[in-house]
Every structure is written in C-alpha cells, then in structure tokens.
Amino acid sequence: MKECNFYAGPSILDNGIVSKAIKQISNRENLSVLEISHRSDKIVSLFEDTKSMVRDLMNLDKTKEVLFLHGGASLQFAMIPLNIKGNGDAGFIDTGIWSKKAIIEAKKVRNVSIVGSSRDDLYNYIPKIEDYDLSALDYLHLTSNNTIYGTQFFEFPKCETPLVVDMSSDVLSRKLNFNDFDLIFAGFQKNLGTTGGSLVVLDKSILKEGNEDELLSMLDYKVHIKAKSMFNTPSVFSVLMCNLTLKWIMEQGGIDVIEERNQVKAEMLYNEIERNGLFYSYVNKRDRSLMNVCFDTDNEKIEADFLAFCNEQNIIGIKGHRSRGGFRASLYNSMPLESVEYLIDRMKLFEKRYARKGI
Ligand SMILES: *Cc1c(COP(=O)(O)O)cnc(C)c1O
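Cut-off values and rules
Residues take numbers from 1 onward in each chain, read along the sequence in its written order. Given that this is a predicted model, residues contribute local features only at a pLDDT of at least 70 and side-chain atom pairs are listed and counted only at 80 or more, while totals for whole chains, interfaces and linings are drawn from all residues. Derived side-chain values reflect all non-hydrogen atoms in the structure, with water molecules and hydrogen atoms excluded from consideration. Only DSSP runs of H or I reaching four residues or more are called helices, and only runs of E reaching two or more are called strands; each is numbered from the N terminus. Relative accessible area decides the class of each residue, using a 1.4 Å probe on protein chains only: under 20% of the type maximum gives buried, over 50% gives exposed, and in between gives partly exposed. Residue contacts are counted whenever heavy atoms from the two residues lie within 4.5 Å of one another. Nine residue types can take part in a nonpolar core, namely buried Ala, Val, Leu, Ile, Met, Phe, Trp, Tyr and Cys, and a core is a set of them joined through side-chain atoms within 4.5 Å. By convention in these notes, a residue is near a molecule or strand provided one of its non-hydrogen atoms lies within 4 Å of it. Think of a polar contact as two N or O atoms within 3.5 Å of one another; within protein, one of them needs to be a possible hydrogen donor and the other a possible acceptor, and neighboring residues in sequence only count if both atoms come from side chains. All accessible-area figures derive from a Shrake-Rupley calculation using a 1.4 Å probe, and residue coverage is judged against the displayed protein chains alone. Three classes are used: nonpolar for Ala, Val, Leu, Ile, Met, Phe, Trp, Tyr, Cys and Pro, charged for Asp, Glu, Lys and Arg, and polar for all others, with Gly counted as polar. Domain delimitation follows an automatic or database domain assignment. Each of two parts loses accessible area, computed with a 1.4 Å probe, when they are put together; buried area is these two losses added. For salt bridges, the criterion is a side-chain nitrogen of Lys or Arg within 4 Å of an Asp or Glu carboxyl oxygen. Strand pairing is assigned whenever DSSP detects at least two bridges linking the two strands. Think of each axis as a best-fit line through the C-alpha atoms, taken over the contacting stretch in the case of a helix, with angles from 0 to 180 degrees between the N-to-C directions. For classification purposes, angles smaller than 35 degrees are called roughly parallel, those larger than 145 roughly antiparallel, those between 65 and 115 roughly perpendicular, and all remaining angles oblique. It is the rotation of the near helix from the far one that decides the hand of a crossing: anticlockwise by less than a right angle makes it left-handed, clockwise makes it right-handed.

Below, the discussion takes up unusual backbone geometry. Residue Gly9 is joined to Pro10 through a cis peptide bond whose omega torsion reads -10°. Mapping Pro10 onto the fold places it in the loop between strand 1 (4-5) and helix 1 (15-26). Phi is positive for Leu122, which is not a glycine, with a value near 50°. With respect to the element layout, Leu122 can be found in the loop between strand 4 (112-117) and strand 5 (137-143). Even without a glycine there, the phi angle at Asn314 is positive, about 70°. Of note, Asn314 is situated in the loop between helix 8 (300-312) and strand 12 (315-316). Residue class for Asn314 comes out partly exposed when judged on its relative accessible area of 25%.

Below, the structure written as structure tokens:
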C-alpha cells in the first residue's frame, strides 16, 4: 500500500498530475520544457496558460496582476513590506508562527502594529479585531489558514485598508471573493503543486510609485510584473507542476467541487476525534481548519504509541508541529477521501486495542 502523506507540506500530488508531468518530460524525440529557453514560445505559453487558469479559478478582475516567483512564501514576507506604499504602520493579525515570521521581516523595514493575537491561548482560535481602527494602517497582513495550529479564517475583515493574505496552506481550497484582497500569496507546495515557486496576485495600486531605482530589482514587484515573471530564469518545472495541478482542479469540477470534498474530509475526521475516547481537538470549534486538522491526547504514552502505530500502518506525517506536539493531519486538495477514511479506521482500531489492553 502506498503511504498516506499527512505532512503539512509538501503535499501529495494526484497520480494523474505526476503521470502527465512524466509524459511531458519523457518524450525524448523533442526537447522537453525543462531543456529549452524560457524565451521560447513553448515556455511563454506555459506561463500564460497557467496565469489564465489562475484568473479563471479565482475569477479575478482585470486589474489584478498574477506573478510566479521564486523563494516560496517566505520571500514574500520580505517583499511585501518593501513594496507597499505608505509611511504609517503595517498591521498584522498574529495567529502563530507564519504570521510571526512575517512580522519579524516587516519590522526590519517599517513600523509594525499587532492588531490582534491569539497567543494567550496557544493560538487555538482566530482573534476578533472589530475594536481596532484599521484605517490608519498602510496595510493589514493575515494568514488565512494556520498550518501549524489548525485554525482558519472563515470571515475576513471588511475595510478600506489594503488586505494582504498569506494563503500558502489553503489557496484554491474553497470559494472566496479573491478580488476582495489586495495581495494574495502562496508557496506552490501545498495546494499548487510542488516546491520551488510561489503565486502572487496583487493590485498594482497598493505599490510604492517611482521607486524602481530604490528597490533591489529582484525584490521589486513592478520589475516582475513588467518582465511577466521572467525577469530572471524562472522555475519552469514548478510552474509546469502548478499548471497541471490547476488543470486537475478544473477537471474535478472547479473550486466548488474541491471545497465540498474538503468539507467532507475535514468533518469526517473532526467527528471521529470528538467520538474517539483517546483524542480531543483543542481548536476553537468555529475556527477549525479544513486543511490542517490538529488534535491531541492527554497521555504521553498514548501519543508515542499512536505515532508508532501510524508508522506501522503506512500513515506518515501525522506528528504535530514541534512547537505544539500532539497530532496534525493535513488534508490538502489532493488528499484522497480514501486516505482520510483509512486514518479514521485506524484511529478506531487503535482505540479498540487500547480498550482491550489498557494503558
Ligand atoms: C508553508 C507555509 C509558509 C512557508 O512557505 P515556504 O514556501 O517554505 O516559504 C508560509 N506561510 C504559510 C501559511 C505556510 O503554510
């Protein structure tokens, strides 16, 4: 049996995506996309096609720019505070490690305000920020899905202030009005294919003007927009994998179908966590992520035993992040329902064994 990958990233890829990629590369009669110039028609049209699928799937306004960059999501933590205009503060909602990392980078180049934080309760909920006056901020940065602590935004702040959203771990997993956001970014490796690239969707109106000479070229969105994501040699393989992943989403029936599946998968697993006597969810019910299902047990021996048991059963990556412990099952778009059913079945079996043997 193939291993079930519940790791938080990189995620598994659908078999069809992998075979299509292999087919493209293994035809040795012609040069593959990995062996030709990025100025060639073939690569330019690969980029254009991928961009237009992003536009379609997100239903983007014409004013939005779509970029494929290098450096994962982490490079965006640096580029965003350098590029967005204004002399006020950059606001952040602190919902855990990924927002903290973004805050650390932003603080190096501009003033930062923390608008809300769930740190007081080990990040197990999404903080409310209604009382905060957002209008003075240059922009507000938030992480739509918190990969590590298993929380997710189901409502977004409504404000005039530009909204910057790190969607690395839930992009294209659910219907959203993507035009409501001024800058969206996501590393490719969770819901958009494989490692090595990132998607950025942005509204040019939020960028500093006339600063081409001030910013380092590789860190300047305007340079990348002008060069159509090919200012330097782009990561063609990761864009190819993104292209095939977006095609796969379309073949499945689009985001509607994907969202429905994601809801079913997560609900099944949360139900089992609630039912099973050995496990519990520590995440605020209203804020529970559909992508990263975090849970725990009260007993260290059960924790170690369950991890060993999963290992034996070909379930990998279920250990919670080192900062939190417990367990985490990541259910990205390409995680098949059967794998979730299998995990639930094993949780039941594990509970039965414990009931027989005791602790
Ligand atoms: C994985 C992840 C990142 C980091 O992505 P890299 O591509 O490794 O830089 C950032 N933010 C969130 C929400 C993530 O899940």
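Now that the structure has been shown, the text picks up again.
The residue Cys294 is located in strand 11 (residues 292-295) in this model. For Cys294 and Asn243, which are 51 residues apart along the polypeptide, the C-alpha to C-alpha distance reads 30 Å. When neighbours within four sequence positions are excluded, Cys294 is seen to be in contact with Ile148, Tyr149, Gly150, Ser281, Tyr282, Val283, Phe327 and Arg328.

Here the focus is the nonpolar core. Grouped together as the largest cluster of nonpolar side chains are 48 residues, with contacts concentrated most on Val54, Met58, Leu172, Leu192, Leu199 and Leu246. It is helix 6 (residues 236-252) that provides the largest number of residues to this core, a total of 9 residues. Here Leu172 is in contact with Leu57, Met58, Phe178, Leu192, Leu246, Ile249, Ile255, Ile258 and Asn333, once residues within four sequence places are set aside. Counting 29 residues, the second largest nonpolar core, distinct from the first, contains Cys4, Tyr270, Phe327 and Leu331.

Here we take up the site of the ligand. Near the ligand there are 13 residues, and of these Ser74, Thr147, Asp166, Gln189 and Lys190 occur at the shortest range. Note that an oxygen atom of the ligand is positioned 2.6 Å from one of the side-chain N or O atoms of Ser74. Here an oxygen atom of the ligand and a side-chain polar atom of Thr147 are 2.5 Å apart. In the complex, the protein chains occlude 87% of the 390 Å² of accessible area that the ligand would expose alone. The greatest single-element share of the shell around the ligand, amounting to 4 residues, is contributed by helix 3 (residues 72-83). Split by residue class, the shell around the ligand holds 3 nonpolar, 8 polar and 2 charged.

This part takes up the domain arrangement of the protein. On domain assignment, one finds that the protein holds domain 1 (4-11 + 253-357) and domain 2 (15-252). For domain 1 and domain 2, the distance between their C-alpha centres works out to 27 Å. Facing the 32 residues of domain 1 at the interface are 32 residues of domain 2. Across the domain 1 to domain 2 interface the summed buried area is about 2600 Å²; carbon plus sulfur atoms make up 54%. On the domain 1 side of the contact with domain 2, Ile255, Asp287 and Asn333 bury the most area, a combined 21% of that side's loss. Between the two partners, domain 1 and domain 2, sit 1 salt bridge. Two residues, Glu259 and Lys175, come together in a salt bridge whose shortest N-O distance is 2.8 Å. The interface formed by domain 1 and domain 2 contains 21 residue pairs in polar contact (both at pLDDT 80 or more).

Within the open sheet, the 7 strands sit side by side as 2-10-9-8-5-3-4. Their pairing is mixed. Edge positions in the open sheet fall to strand 2 (64-69) and strand 4, since each of these has one partner strand only. Between one strand axis and the next, the sheet turns by 15° as a mean value, whatever way the strands run. Relative to strand 10 (residues 198-203), strand 2 runs antiparallel, the two being bridged by 6 bridges. The residue of strand 10 that forms the bridge with Glu65 is Leu202. Sitting on the sheet, helix 3 is in contact with strand 2, strand 5, strand 8 (163-166), strand 9 (183-187) and strand 10, with an inclination near 150° to strand 9. In this fold helix 4 (residues 97-107) packs onto strand 3 (89-94), strand 4, strand 5 and strand 8, with an angle of close to 165° to the strand it touches most, strand 3.

This part takes up the environment of Leu246. Mapped onto the fold, Leu246 is located in helix 6. By relative accessible area, Leu246 is classed as buried at 0%. Apart from residues no more than four positions distant in its own chain, Leu246 is found in contact with Thr50, Met53, Val54, Leu57, Leu172 and Leu192.

Quick look at the packing of helix 2 (residues 41-58) against helix 6 now. Where helix 2 contacts helix 6, the two axes come as close as 9 Å, and the packing angle between them is 40°. Looking at the two axes, helix 2 sits oblique to helix 6. In the packing of helix 2 onto helix 6, the handedness of the crossing is left-handed. Along its contact with helix 2, which presents Ile43, Leu46, Phe47, Asp49, Thr50, Met53, Val54, Asp56 and Leu57, the element helix 6 presents Val236, Val239, Leu240, Cys242, Asn243, Leu246, Lys247, Ile249 and Met250. Here the contact of helix 2 with helix 6 is built from residues that sort into 13 nonpolar, 2 polar and 3 charged.

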